[in-house]
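Per-entry structural report
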Amino acid sequence: MSLLIRDLNFSDEADYRAASNEFVGSGFDWSAPLEPQLAWTEYVATVHAWSRGESLPPGWVPVTTRIAEWDGVVAGRLSVRHELNDFLAHVGGHIGYGVRPAFRRRGIATALLRDGLEIARRAGVAKVLVTCRDDNIGSATVIERCGGVCRDTVEHPDGGQPMRRYDIVLSPA
Ligand SMILES: CC(C)(COP(=O)(O)OP(=O)(O)OC[C@H]1O[C@@H](n2cnc3c(N)ncnc32)[C@H](O)[C@@H]1OP(=O)(O)O)[C@@H](O)C(=O)NCCC(=O)NCCS
């Protein structure tokens, strides 16, 4: 069994879209911001451009997408926002991740978050904000295992479950 955390690439289309379908209705948007009207190669190129801070939609901040590959299959996805806008500072946070149901409880989210912390550190972030729903025990455990200290719990502007906000202090790059 092997786990590789890497950039999205041109051969990921089928797995990535299958994963996206598995998350429909779950409250976690795997594909964000997958735009089905884009050809896959164009989508991958756009995602890489966003990581460099290029071609960003209005109001967006630079964001790096990473993939967890388990035995050659796309199993998880990570987003690392390099800075915070108002929404991200309130409930979105710097880092988001999701693991496909069939691949959970293998340490993949923990490995993704660790990878994301290194990306944030290289982007110059000193203190990473990671959030999760107050009832998301799995994600809270992952964050705490990676050094997260719960700052507070806030209401989500869209309603629903309150959100826990965790800080993770990074050493300088
Ligand atoms: C939350 C989520 C990312 C966890 O992914 P994962 O790869 O299964 O997490 P890990 O294997 O790294 O879990 C690490 C630890 O967290 C705890 N944990 C994980 N999922 C758990 C669950 N459903 N219930 C209770 N504890 C859980 C366990 O202690 C686990 O360690 P263990 O398996 O050795 O006991 C995954 O369930 C998921 O994608 N959920 C939907 C999307 C989501 O909630 N994303 C996070 C948004 S903040």
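The following refers to the structure shown.

Basis of the calculations
Residues numbered from 1 in each chain as written. Predicted model: local features only at pLDDT ≥ 70, side-chain atom pairs only at ≥ 80, totals over all residues. Helix = DSSP H or I, 4+ residues; strand = E, 2+ residues; numbered from the N terminus. Rg over C-alpha atoms; globule rule 2.2 N^0.38 Å. Buried ≥ 20, exposed ≤ 12 C-beta atoms within 10 Å, placed from the backbone. Contact = placed C-beta atoms within 7 Å. Expected span 1.5 Å × (residues − 1). Near = placed C-beta within 6 Å. Nonpolar A, V, L, I, M, F, W, Y, C, P; charged D, E, K, R; others polar. Core = buried A, V, L, I, M, F, W, Y, C linked by C-beta atoms within 7 Å.

Scanning the chain from N- to C-terminus turns up 5 helices and 7 strands. In sequence order, the chain lays out its α and β elements as β-α-α-β-β-α-β-α-β-α-β-β. On C-alpha atoms alone, the chain measures out to a radius of gyration of 15 Å, which is about the 16 Å that the 2.2 N^0.38 rule sets for 173 residues. Projected onto its principal axes, the C-alpha coordinates of the chain cover approximately 40 × 35 × 35 Å. Within the chain, the fraction of its 173 residues that count as buried is 31%. Contacts in the chain between residues far apart in sequence, at least 24 positions, make up 58% of those at least 6 positions apart.

Let us look at helix α4 (residues 108-122). End to end, α4 covers 21 Å across 15 residues, agreeing with the expected 21 Å (1.5 Å per residue, within 8%). Within two residues after α4, Gly 124 carries a phi angle of roughly 90 degrees, on the positive side.

Of all residues adjacent to the ligand, which total 19 residues, the nearest are Arg 104, Ala 109, Thr 110, Gly 138 and Thr 141. Within the residue set of the shell around the ligand, elements represented by two or more residues are β4 (95-99), α4 and α5 (137-145). At 5 residues, the largest contribution of residues to the shell around the ligand is made by α5. Here the shell around the ligand is built from residues that sort into 8 nonpolar, 8 polar and 3 charged.

Let's shift gears to the environment of Leu 88. Inspection of the secondary structure puts Leu 88 in helix α3 (residues 86-92). Accessibility expressed as a C-beta count within 10 Å gives 18 for Leu 88, which makes it partly exposed. A C-alpha to C-alpha distance of 9.7 Å links Leu 88 and Val 61, two positions 27 residues apart in sequence. Residues in contact with Leu 88, not counting those within four places in the same chain, are Arg 81 and Gly 93.

Membership of the largest hydrophobic core comes to 36 residues, with the highest contact counts inside it found for Leu 112, Leu 113 and Val 128. By residue number, the principal contributor to this core is α4, which donates 8 residues. Setting aside residues up to four positions removed in sequence, Val 128 forms contacts with His 94, Ile 95, Leu 117, Ala 120, Ile 168 and Leu 170.

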